[in-house]
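Given next are the chains, with one letter for each unit.
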Amino acid sequence: MSELLVTPTREAGLTQAESFLGRAGRDYAKSRNYDFGADRRGNVSVMSPWLRHRLVLEEELLESVLARHAFSSAQKFIEEVFWRAYFKGWLEQHSRVWSDYRACMKSGVEQLDANAELHDAFKRAIEGKTGIDCFDFWARELTDTGYLHNHARMWFASIWVFTLRLPWQLGADFFLRHLLDGDPASNTLSWRWVSGLHTVGKTYLARASNIEKYTEGRFNPEGQLASTAPALTEEQTYSAEPLLEAVNLPDDQPFGLLITEDDCAPEIDLLPRPPAAIMGLTATPTRSPMPVAAHACEFAAGAVGDALARANQAFGVASKLVGHDEWEARVIEWANANNISVVATPYAPVGPVRDLLSAAGDKLNEQGIELRYLRRGYDDLCWPHATRGYFKLKKKIPAILKQLGLSQQ
Ligand SMILES: Cc1cc2nc3c(=O)[nH]c(=O)nc-3n(C[C@H](O)[C@H](O)[C@H](O)COP(=O)(O)OP(=O)(O)OC[C@H]3O[C@@H](n4cnc5c(N)ncnc54)[C@H](O)[C@@H]3O)c2cc1C
């Protein structure tokens, strides 16, 4: 992976977007499914690490794409960008899927300790020692680089669940610990989609011929993969929960800005006026009960550090960064020192950051500190359409682009 690809700054993200934009039209639609290998990624944008941490906003990327291409030419790319909003909005309205996955991961780790057979099979899979060449290669590519092509993620998850018959939660956790774009919504729900739990009963089967075609013959696991993919089942059913109310900041009252790894562009279109103080929080090690890869932690910490520096410049306010294990006491200390009773944070969607913030809510309230989640207009427009399948949101894309002022149609 090139150095630029892992540089956790907004500037590096914008440079990466600029280098890809010319290919976001029909070229992308034709070639995006090919995984040519880590040194030939020009057919996809590789924007996910920056988009996931909101160093670059989806809205900005869409605007740049539409400045270069007609909607009809770039439709496929635009639709892919909206998948991120779909998954985030869906998990936001089915938060128990996340809490059940988290609970299951805790017991999953205990199971690994108690069950030697499961432990060995799991270890072989994550160390890339299963004997299935492509799978072993992707396991190493993931741990070495923090990125996998979308098609490789689908094949990998399918082989994990249906050929190796390992629990999907352990696979999702392996991804979340290593991906630079590790995202609670896209990751958990994609693993559930492959397993037949998201679109209930509909699974994704990895086929040797498909792998051979889309890796241009780099791999052909003929005879090594499961030939059927019976959908996994679960006892729980998940009904939609209402979205949290969007909130604003109180007029005239000074507030502190808390920047997290979920939104690292707080100086863009979010605050009605400058904050009185700024603090940064990282929660990356809490993505899993198992150790999270150093490169994922470094990317997120770098992203928050970059956001603090930009916010500092934009608002002329000093800032500091804290880790997840000390932040509650530090927030209280910081708020008191700056005479702040309102802390605003860019909306933290369902996931590890939100878990931390929710757990601290009562303590902050006891100290007279109120936490307010500021949601972006883009999420407000997309999330209400993410209650069921993707198609419902997809149909609304032209109208959403118009409401965002990005298209006339
Ligand atoms: C099992 C599995 C796990 C995944 N885990 C994650 C994850 O943790 N974090 C993550 O960001 N993506 C995840 N994805 C989605 C997708 O694979 C990546 O977003 C994409 O491969 C990133 O590469 P890119 O930026 O080059 O994508 P491009 O093809 O260039 O697409 C542009 C952007 O559109 C969005 N996008 C494209 N495809 C998807 C998709 N299927 N779902 C959601 N958004 C999409 C991303 O923001 C991406 O950066 C997962 C997919 C699967 C099948």
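Scroll up for the structure.
Let me sum up the structure you'll find in this document. (Residues numbered from 1 in each chain as written. Predicted model: local features only at pLDDT ≥ 70, side-chain atom pairs only at ≥ 80, totals over all residues. Heavy atoms only, no water.)

**Focus on the sheet that holds strand β1 (residues 256–260)**
Here's step 1: Spatially, five strands are ordered β3-β2-β1-β4-β5 in an open sheet, and the strand pairing comes out parallel. The two strands at the open ends of the sheet, each matched to only one other strand, are β3 (319–322) and β5 (370–374). Strand-to-strand twist in this sheet, taken as the mean axis angle between neighbours without regard to direction, amounts to 25 degrees.
Here's step 2: For β1 and strand β4 (residues 342–346), the ladder comprises two bridges, and the chain directions are parallel. Residue Gly-256 lies in a different strand from β4, and its bridge partner there is Val-343. (Pairing = 2+ DSSP bridges. Helix = DSSP H or I, 4+ residues; strand = E, 2+ residues; numbered from the N terminus. Axes fitted to C-alpha atoms, helices over the stretch in contact; angles between N-to-C directions.)

**Brief notes about helix α5 (residues 71–92)**
Here's step 1: A bend of about 35 degrees at Phe-77 is the largest found in α5.
Here's step 2: Most of α5 is tucked away: 17 of the 22 residues are buried. (Bend = angle between axes of the 7 residues up to and from the residue. Buried < 20%, exposed > 50% of the residue type's maximum accessible area, 1.4 Å probe, protein only.)

**Some points on the packing of helix α8 (residues 133–145) against helix α10 (residues 168–178)**
Here's step 1: At their nearest, the axes of α8 and α10 sit 8 Å apart, and the two run at 35 degrees to each other. Between α8 and α10, the residues in contact are Ala-139, Leu-142 and Thr-143 and Phe-174, Phe-175 and His-178, respectively.
Here's step 2: Looking at the contact of α8 with α10, its residues break down into four nonpolar, two polar and no charged. (Contact = heavy atoms within 4.5 Å. Nonpolar A, V, L, I, M, F, W, Y, C, P; charged D, E, K, R; others polar.)

**Here we look at the environment of Gly-351**
Here's step 1: Position of Gly-351 relative to the elements: it lies in the loop between β4 and α15 (352–366).
Here's step 2: Residue classification places Gly-351 among the buried positions, given a relative accessible area of 1%.
Here's step 3: Distance from Gly-351 to Arg-102, taken between C-alpha atoms, is 9.5 Å for residues 249 residues apart in sequence.
Here's step 4: Beyond its immediate chain neighbours, meaning those up to four positions away, Gly-351 contacts Trp-98 and Pro-184.

**Looking at the site of the ligand**
Here's step 1: Close to the ligand lie 27 residues; Tyr-28, Ser-45, Val-46, Arg-84 and Asn-150 are nearest.
Here's step 2: One of the backbone nitrogen or oxygen atoms of Ser-48 is found 3.1 Å away from an oxygen atom of the ligand.
Here's step 3: For the ligand, an oxygen atom lies 2.7 Å from a polar atom in the side chain of Asn-150.
Here's step 4: Within the complex, 96% of the 820 Å² of free accessible area of the ligand lies under protein.
Here's step 5: The set of elements that each furnish at least two residues to the shell around the ligand consists of α3 (48–52), α5, α9 (150–163) and α11 (184–195). (Near = heavy atom within 4 Å. Polar contact = N/O pair within 3.5 Å; in protein donor to acceptor, adjacent residues only side chain to side chain. Areas by Shrake-Rupley, 256 points an atom, 1.4 Å probe, with all protein chains shown as cover.)

**Focus on unusual backbone geometry**
Here's step 1: For Glu-216, which is not glycine, the phi dihedral falls at a positive 50 degrees.
Here's step 2: By the element assignment, Glu-216 lies in the loop between α12 (208–214) and β1.

**Examining the environment of Leu-14**
Here's step 1: Among the secondary structure elements, Leu-14 is positioned in helix α1 (residues 10–21).
Here's step 2: By relative accessible area, which is 36% here, Leu-14 ends up partly exposed.

**Considering the packing of helix α14 (residues 327–337) against α15**
Here's step 1: Close contact between α14 and α15 brings their axes to 10 Å; oriented N to C, the two are set at 50 degrees. On the basis of the axis angle, α14 is oblique to α15. Seen along the crossing, α14 lies across α15 with a hand that is right-handed. Where α14 approaches α15, its residues Trp-327, Glu-328, Val-331 and Ile-332 are matched on the opposing element by Leu-356, Leu-357, Ala-359, Ala-360, Lys-363 and Leu-364.
Here's step 2: Classifying every residue of the contact of α14 with α15 gives eight nonpolar, no polar and two charged. (Parallel < 35°, antiparallel > 145°, perpendicular 65-115°, else oblique. Left-handed = near helix turned anticlockwise from the far one by under 90°.)

**Let's talk about the pairing of β5**
Here's step 1: Of all five residues in β5, four are buried, a share of seventy percent or more.
Here's step 2: Here β4 runs beside β5; their pairing, made up of five bridges, is parallel. Bridging from a neighbouring strand, Thr-345 pairs with Tyr-373 of β5.
Here's step 3: For the segment spanning β4, α15 and β5, crossover handedness is right-handed. (Right-handed = clockwise from strand over helix to strand, strands pointing away.)

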